[in-house]
Each structure stands twice: as C-alpha cells, then as structure tokens.
Amino acid sequence: MSTTATLATLSDSNLAADPNWWRQASVYQIYPRSFSDSNGDGLGDIKGITAKVPYLKELGIDAVWLSPFYPSALADGGYDVDDYRNVDPKLGTLEDFAEMSAALHEAGIKLIADIVPNHSSDRHEWFKEALASPRGSAARERYIFRDGLGKNGELPPSDWDSVFGGPAWERITEPDGTPGQWYMHIFAKEQPDLNWSNREIRDDFLKTLRFWSDRGVDGFRVDVAHALTKDLTEPLLSKVELSEANTGTDGFADGSHPFWDRDEVHEIYAEWREVFNEYNPPRTAVAEAWVHATRRARYASPQGLGQAFNFDLLQADFDADEFHEIITRNLAEATATGASSTWVFSNHDVVRHATRYGLPMGGGVHAKGQDGKGWLLAGAPAEELDVELGLRRARAASLLMLALPGSAYLYQGEELGLQEVADIPDSERQDPSFFRNKGVEIGRDGCRVPLPWATEGTSFGFGAGRAHLPQPAWFGRYAVDAQDGVEGSTLELYRKALKLRRELQTAEELEWVETGNPKVLQFTRHGGWQSVTNFGAEPVELPAGEVLLSSAPLDGKLLPGNTTVWLR
Ligand code: NOJ
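Figured I'd write up the structure that's included with this text. Everything numeric in this text was worked out from a predicted model, so none of it was measured.

### Considering the overall build of the chain
Here's step 1: Each helix and strand counted, the chain has 14 helices and 17 strands in total.
Here's step 2: A globule of 568 residues ought to have a C-alpha radius of gyration of about 24 Å, and the chain, at 23 Å, matches this closely.
Here's step 3: Its C-alpha atoms give the chain principal-axis dimensions of about 80 × 50 × 50 Å.
Here's step 4: Considering only contacts within the chain whose residues lie at least 6 apart along the sequence, 68% involve residues at least 24 apart.
Here's step 5: Summed over its atoms, the accessible surface of the chain is roughly 20,800 Å², and 52% of this surface lies on carbon and sulfur atoms.
Here's step 6: Charge centroids of the chain, computed over 55 positive and 86 negative side chains, lie 2 Å from each other.

### Comments concerning the nonpolar core
In summary, soluble globular proteins display a tendency toward joint burial of nonpolar side chains.
Here's step 1: The biggest cluster of nonpolar side chains holds 131 residues, and the ones touching the most others in it are Y28, L56, F69, Y269, W272, F323 and W566.
Here's step 2: Apart from residues lying up to four places away in sequence, Y269 is in contact with V222, A225, L228, Y299, Q303, G304 and L305.
Here's step 3: Grouped together as the second largest cluster of nonpolar side chains are 18 residues, W160, M184, F259 and W260 included.

### So, the pattern of salt bridges
Once their charged atoms are close, side chains differing in charge can pair, the charge on each being opposite to the other.
Here's step 1: Within the structure shown, the criterion is met by 43 salt bridges.
Here's step 2: The partner of D114 in a salt bridge is R221, and the shortest N-O contact between them spans 2.9 Å. Taken together, the residues D114 in strand 3 (residues 110-115) and R221 in strand 7 (residues 219-222) connect sequence positions 107 residues apart.
Here's step 3: R221 sits in the buried class, given a relative accessible area of 2%.
Here's step 4: Residues R221 and D223 are paired through a salt bridge, measuring 2.8 Å at the closest nitrogen-oxygen approach. There is no split in this pair, since R221 and D223 are both buried.

### Re the sheet that holds strand 6 (residues 179-184)
Here's step 1: Reading across the sheet, the three strands line up as 4-6-5 and stay open at both edges, with antiparallel pairing between neighbours. Every interior strand has two partners, whereas the edge strands, strand 4 (145-146) and strand 5 (169-173), have only one.

### A closer look at unusual backbone geometry
Here's step 1: A cis amide bond links E234 to the next residue, P235, at an omega of 0°.
Here's step 2: Residue placement: P235 occurs in the loop between strand 7 and helix 6 (239-245).
Here's step 3: Phi angles above zero are rare outside glycine, and L74 is one such case at about 60°.
Here's step 4: Looking at the element boundaries, L74 is found in the loop between strand 2 (63-66) and helix 3 (94-106).

### Regarding helix 9 (residues 320-337)
Here's step 1: In a regular helix each residue adds 1.5 Å, so 18 residues correspond to 26 Å; helix 9 covers 26 Å between its end C-alpha atoms and thus fits that length.
Here's step 2: Residues of helix 9 that are buried: A320, F323, H324, I326, I327, N330, L331 and A334.
Here's step 3: The elements touched by buried residues of helix 9 are helix 8 (296-299), strand 9 (342-344), helix 11 (387-402), strand 11 (511-513) and strand 12 (520-524).
Here's step 4: The N-cap residue of helix 9 is D319: its side-chain oxygen and the backbone nitrogen of D321 are 3.1 Å apart.
Here's step 5: Once helix 9 ends, the next one or two residues include G338, with phi positive near 90°.

### A short note on the site of the ligand
Here's step 1: Around the ligand, 13 residues are found, and the nearest of them are D76, H119, D223, H348 and D349.
Here's step 2: The contact in question runs from an oxygen atom of the ligand to an N or O atom on the side chain of D223, over 2.7 Å.
Here's step 3: Contacts to the ligand include H348, whose side-chain N or O atom sits 2.8 Å from an oxygen atom.
Here's step 4: In isolation the ligand has 300 Å² of accessible area, and contact with the protein removes 100% of it.
Here's step 5: Within the shell around the ligand, the residues separate by chemical class into three nonpolar, three polar and seven charged.

Thresholds applied
- Residues numbered from 1 in each chain as written.
- Predicted model: local features only at pLDDT ≥ 70, side-chain atom pairs only at ≥ 80, totals over all residues.
- Heavy atoms only, no water.
- Helix = DSSP H or I, 4+ residues; strand = E, 2+ residues; numbered from the N terminus.
- Rg over C-alpha atoms; globule rule 2.2 N^0.38 Å.
- Contact = heavy atoms within 4.5 Å.
- Areas by Shrake-Rupley, 256 points an atom, 1.4 Å probe, with all protein chains shown as cover.
- Lys, Arg positive; Asp, Glu negative; His and termini not counted.
- Charge placed at Lys NZ, Arg CZ, Asp CG, Glu CD.
- Core = buried A, V, L, I, M, F, W, Y, C linked by side-chain atoms within 4.5 Å.
- Buried < 20%, exposed > 50% of the residue type's maximum accessible area, 1.4 Å probe, protein only.
- Salt bridge = Lys/Arg side-chain N within 4 Å of Asp/Glu carboxyl O.
- Pairing = 2+ DSSP bridges.
- Expected span 1.5 Å × (residues − 1).
- Polar contact = N/O pair within 3.5 Å; in protein donor to acceptor, adjacent residues only side chain to side chain.
- Near = heavy atom within 4 Å.
- Nonpolar A, V, L, I, M, F, W, Y, C, P; charged D, E, K, R; others polar.

Any functional reading would require information that these geometric values do not contain.
Here it is as structure tokens:
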C-alpha cells in the first residue's frame, strides 16, 4: 500500500511571508464567546483573545480561525449576524479587533474570519426593512419570501424541515397587521436565508470581504458554503420526493437539490477569488461544505475558495482501515485539484473527539454530518463513556493528524484534552437545535463551554464572572495551569508536536509503509520523518528510528496500544 501525493513545497523558514502559508498551516479555532473573558461579564471577548496571544504563540499554531464575532442576538451562537461589518459590542469594538489582529500578526499568527453568507439574522437592517415593506418590494427581494399554500396562504410553501428541526418556513405578519408571506430559513427562524440571485447581496458581500481584508484578515472560513444558490422554481418537491431523489451517499451527487450544493454557487466564489487576489498575499478561504465526496473538490478549486473542509476523519471511528482509506483518498483528491488537504477532529458543532473516542464505536453515537444524519451526541449512554481511553485515543489521533500533509484544524480546548460537557441543565442550554428538536438531541453546547485556564477560582480563570455556560467541577483538572510545563500533559504534547511539525514539514506528500499488522498505520514524510499509530489494544514492536515524540509513554522497545509515535 503506497500513496504519494506531491504538491507545492512550503517554505518553512518564513511561513508569514509565504503566499502558500495556508497549505500546511495548523489553524486553531477560537469560539470567541467561550475563549477568554476580559471584563467579567461571563462572555469571552476580543480583548480576552488579545491577552492570550502569548499562549497561542507558545502553542505554536500558524493561524487563528475566529468563529463569528459580529453583533448578534446569539440565536445560533453568533451565526445569526446583525451587521457583517462590525464587532458585537458585547465582545468589543473595531479598535479592539485591530489591536487583536496586530498582536496576532506580531506573534507570526495569521487571522481567519468566519463569514456567514447564507443567512443574516432577523435583526439585520435588511430583514427589518423587508418586514416593513410590501410584498414584491425590493426589500423583500433580498430574502426568500413566498406566498403560502392553502386557501388563505396558511400553509408553508413546502414541507421542508430546517436543519435544527421544525419547518424551514416562517410566516410573517404584514405591515397592515394581517397574516402574510412566508420566508425561508434553512437553519433557525432567526436566520432568514438571503437571496443570492440578487446582485445587491453579491455586491454587498464583496464589500464585506474587502472590509475585513483591509483590517488584517488573512482568510475566511465560509459558513455553509454549499447553500447559497437556490432553485425554487415551483412546484417545489416534497421532502419525501427529495429524499427519494437523493441516491448519493452524502448529499446529491448531481447538483440537482433545490438548495444544497448547486453548481451555480461556484460563480459566486469565482467573484470572491478576484477580490482575494487583489491582496498580497492573496486572501485565503476554506469552505464548510457538507457535500457528496465527489463534489467537494469544486469548493477547493484555486479559481474558487481554494480549500474545503474534509470532515471524513471527524466522522470516522478510531480505526486503522478507516483512517487509511480516508487519508489515501483525500491526498489523491488534493493532488488532482491543486488544493491542499484539510484535517479536523473537533469543532464547535460536534462532540469533542476525546469524548467520542471514549464511547463505544459505531452505533450512531459519534458525530455525523449535518445532512439528515444528526451531528450530535444523540442518545450516547454516559455510563459507557471511558474518559481515559477517549483521551488516550484522541492524543494518538491528533499526533497522527499533525504528521499529515495539508492543514490541520484544531478546536480550542483540544490541546487540553478537554472532554464534552454532557450534563448541562436544560435551563442553561443555548443551542437552537436543542430547543427545536424538543430536547431529542442535546445540542452543541457541550463543546462550547468556556475554557478552563486555572485549576481553581471563578470560572476556572476564564474571567472574573460566572461563565455564560456552566463549567463542571472536573474542568479544573484540564486547566492550562495544571498542564503548563508538566511533562506528558496534553498541552505539552501539542506544543511539542506543533513545534516539531514546523521544523519537519516539507513537501505535501506521504508514503505508506507496510507494517504487516492491520491495526498499525505507518507513513513516512519527506526527510525521513515517520508517524506510526497502533490502533489496537495490544502492544506491538516499535519500528527502528530515533523517537521524536509519542502520545503515550513507550514501553521499552514496544509501542503500546492506542498510541502514536513520531520517529526519524
Ligand atoms: C455551520 C456552523 O458551523 C454552525 O455552527 C451553524 O449553526 C450553521 N452553520 C448555521 O450558520
């Protein structure tokens, strides 16, 4: 078994000045409201991030991806944006943003901003204007308004469900007080979908891209990049007809779905690319696109966004065969398209991988893709959680990922080995998916609990006030100050791995080494850097070479189970 994918070589001596900096970058996702709170109001903020730049520098990441920081009522954790060209006053000001951006750049860290083009919030000026304006007005044309079905328009235009549960259409009251039209919202009802066939929307987003690029943003993470263009020609297919037409494994394979992954969406990204290329170095982008595997490459095209998230490892079990197949396929895809691969285990939408790997494999307890498969910890039996095993495997998986060619996306707290918080009281939950599913799915709050910086004290050092989501008593064990400088801690493992990765990372290629054991994956990178993972429970013989780093203590000449080692 041998795969070699040769692509551009990264200049590792001067990452900051390299226009290809993103190709093999390690990118750390910050969920701003839960990272660090500078003013004690319980909500993380921009100044809190600036204060932690030394921590980020020491961690050794190349870039920060900032989840939405825009003014928002937080109906969906900030993915409901009131104003695309401002900072939420609860989080700070544009000046604070400039200060943070300067501090990150000073530390050699790039800045990627989340952009949310599919929907605004219902508090956006545009939406307020649409509600106050008559049917058929230019203001309504910025969104997707339809008359309802039934005798008096009392039924939604179609029976589609929103991603968070409940109908994808919401009826409004017209300015004269009568029951009125319906607007489409793929997500929460506070997130009306924008009408991307309207030139005004397209132009306004180009303005937003320039606004942030002029303020030091080096790249963009594009939220639900695959949903923007829609074909809502009537009659609209029912959800049963749509699911019957869906013969692919994960989304439509032919671009015929009325709103997911239509071909025309790439016309938008071609225009965005022109804006990115106005800058030196060009601004970068990564698509969040949950699409059929055969269609992901379109988003990653150099004429489009340039990179797309690959959520395959995030959806896989801790299993050598699955990992081998996913890595091989994705590297081959990257070679074919000219994009670099992306890898990710955890983010703000899924159960933390240290917890997933501690649950029984298979059986639907792992986080899955959005499209109809549920992305949450649905019904996972807490008593079956093996915290120690989960962490051990997460460390092994992360070390393997950090040895792969391409970009590694890390989620805040995974460097602490943080576990999902499963037992948030219902009264404290915030995620709309919890409420709209009537509690069937517990939602995504468990991976968004504010970080523990200190073993003790108010909100474990997150801030001077009570954190906006409750932190459990055991959070202190994972605190930064409990791990800082402690040999073998998860934090020190990430620090060492990220440092070594920078030194060792060269061409975007790997070569599999035959191990003769189906539970052991071994590959070599250019220059002789090797990564070996024992996915099994039993120890195996350690291959020859100088040990650079291992995810768990080695046992003499043996590589223990659920462990990764780097060799040279
Ligand atoms: C994907 C984001 O990652 C998720 O958090 C959000 O709820 C949806 N898009 C809607 O914006």
